[in-house]
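# Architecture and fold: a report
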Amino acid sequence: MLTGTLVNLRAVEQDDYENLHRWVNGSEGMLYWGRPGNTESMWDVAERERREASRGNSRKYIIETNDGVPIGQIDYYDLDWPSRSAWTSILIGESGYWGGGYGTDAMRTLLRYLFLQLDLHRVALNVHETNERAQRSYEKNGFVREGVLRDWAFFNGEWVDGVVMSVLDRDFRLLDR
Ligand SMILES: CC(C)(COP(=O)(O)OP(=O)(O)OC[C@H]1O[C@@H](n2cnc3c(N)ncnc32)[C@H](O)[C@@H]1OP(=O)(O)O)[C@@H](O)C(=O)NCCC(=O)NCCS
């Protein structure tokens, strides 16, 4: 388990599939995830979890509050050892917890592990241009904007740009002292 301040990150167990299923089908969260109207069966969820877990260069965690309430998921993926880089994504599936500092703490906890234990150099993510709360949360962990992906996603009848953000180990260490 990875221990944060407001949350802990723990392994995904089979009992979590029901929550994962609810979160990836939740209309609010999926709007920010860029997949409004997403419909995935329990089978889809279970298949994806098994497939991703067998890859070896990715890991998903359940975000749990200090008092043991599962509120979302966070992962790293496409970990590339020669360049010591990885990608990350996060979803607080329980929308009642948005804006309470949980997402920032979960990301901080994952970054500590990636930089201080795995000795990675760079962690990156993609976010919709319109998702200001997410970008603000990422900035608090040292992520900076690197570029814009034009018309990255299409939903609700409009094209939305994407933003690539990344944080380097040296910047994170300064921020996390
Ligand atoms: C994005 C997400 C992980 C952030 O976690 P969180 O716990 O909600 O965020 P935090 O409370 O830690 O931080 C949010 C920050 O954004 C600010 N904020 C909140 N709503 C905002 C808005 N509409 N516009 C701009 N800033 C906003 C908050 O004030 C806070 O900044 P502050 O601490 O300087 O005041 C979470 O909201 C989430 O999972 N949302 C739904 C799915 C999603 O967007 N995933 C990311 C896809 S890239």
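In this report, we go over the structure that sits alongside the text. Being a predicted model, the structure only gives us computed values, none of them experimental.

## Brief notes about the overall build of the protein chain
Helix and strand counts for the protein chain stand at six helices and eight strands. Starting at the N terminus, the α and β elements of the protein chain follow one another as β-β-α-α-α-β-β-β-α-β-α-β-β-α. Expected size for 177 residues packed as a compact globule is a radius of gyration near 16 Å; at 16 Å, the protein chain falls within 12% of this value. Referenced to the eigenvectors of the C-alpha coordinate spread, the extents of the protein chain come out at roughly 40 × 35 × 35 Å. When each of the 177 residues of the protein chain is scored for burial, the buried share is 31%. Expressed as a percentage of contacts within the protein chain between residues at least 6 apart in sequence, the contacts between residues at least 24 apart total 58%.

## Focus on the packing of helix H1 (residues 17-24) against helix H3 (residues 42-53)
Orientation of H1 relative to H3, taken along the N-to-C sense of each, is 110 degrees, at an axis distance of 9 Å. When the interaxial angle is binned, H1 and H3 end up roughly perpendicular. In this structure, H1 crosses over H3, and the sense of that crossing is right-handed. In this structure, H1 uses Tyr-17, Leu-20, His-21 and Val-24 to contact H3, whose residues at the interface are Met-42, Val-45, Ala-46 and Glu-49. In the contact of H1 with H3, the residues fall into six nonpolar, one polar and one charged.

## Details of the site of the ligand
Neighbouring residues of the ligand: 21 residues in total, closest Tyr-32, Gly-103, Thr-104, Glu-132 and Arg-136. When residues of the shell around the ligand are traced back to their parent elements, those giving at least two are helix H2 (27-33), strand E5 (85-92), helix H4 (102-117) and helix H5 (132-139). Of all the elements, H5 adds the most residues to the shell around the ligand, at five residues. Residues of the shell around the ligand, tallied by class, amount to nine nonpolar, nine polar and three charged.

What counts and what doesn't
- The written sequence of each chain sets the order in which its residues are numbered from 1.
- Thresholds applied to this predicted model are a pLDDT of at least 70 for local features of residues and 80 or more for the giving and counting of side-chain atom pairs; totals over whole chains, interfaces and linings are not thresholded and use all residues.
- What counts as a helix is a DSSP run of H or I of at least four residues, what counts as a strand is a run of E of at least two, and both are numbered from the N terminus.
- In this description the radius of gyration comes from C-alpha coordinates, and the expected globular size is given by 2.2 Å times residues to the power 0.38.
- Counting other C-beta atoms within 10 Å of a residue's C-beta gives its exposure: the residue is buried at 20 or more, exposed at 12 or fewer, and partly exposed in between, where C-beta atoms are placed from the backbone.
- Each residue is represented by a C-beta atom placed from its backbone, and any two residues with such atoms within 7 Å are regarded as in contact.
- Simply put, an axis is a line fit to the C-alpha atoms, just over the touching stretch for a helix, and the angle between two N-to-C directions goes from 0 to 180 degrees.
- Each angle is binned into one of four classes, with values under 35 degrees roughly parallel, values over 145 roughly antiparallel, values of 65 to 115 roughly perpendicular, and all other values oblique.
- By convention the crossing between two helices is left-handed if the near helix lies anticlockwise of the far one by an angle smaller than a right angle, and right-handed if it lies clockwise.
- Under the scheme applied, nonpolar residues are Ala, Val, Leu, Ile, Met, Phe, Trp, Tyr, Cys and Pro; charged residues are Asp, Glu, Lys and Arg; polar residues are all the others, including Gly.
- Using a C-beta atom placed from the backbone, a residue is scored as near a molecule or strand whenever that atom is within 6 Å of it.

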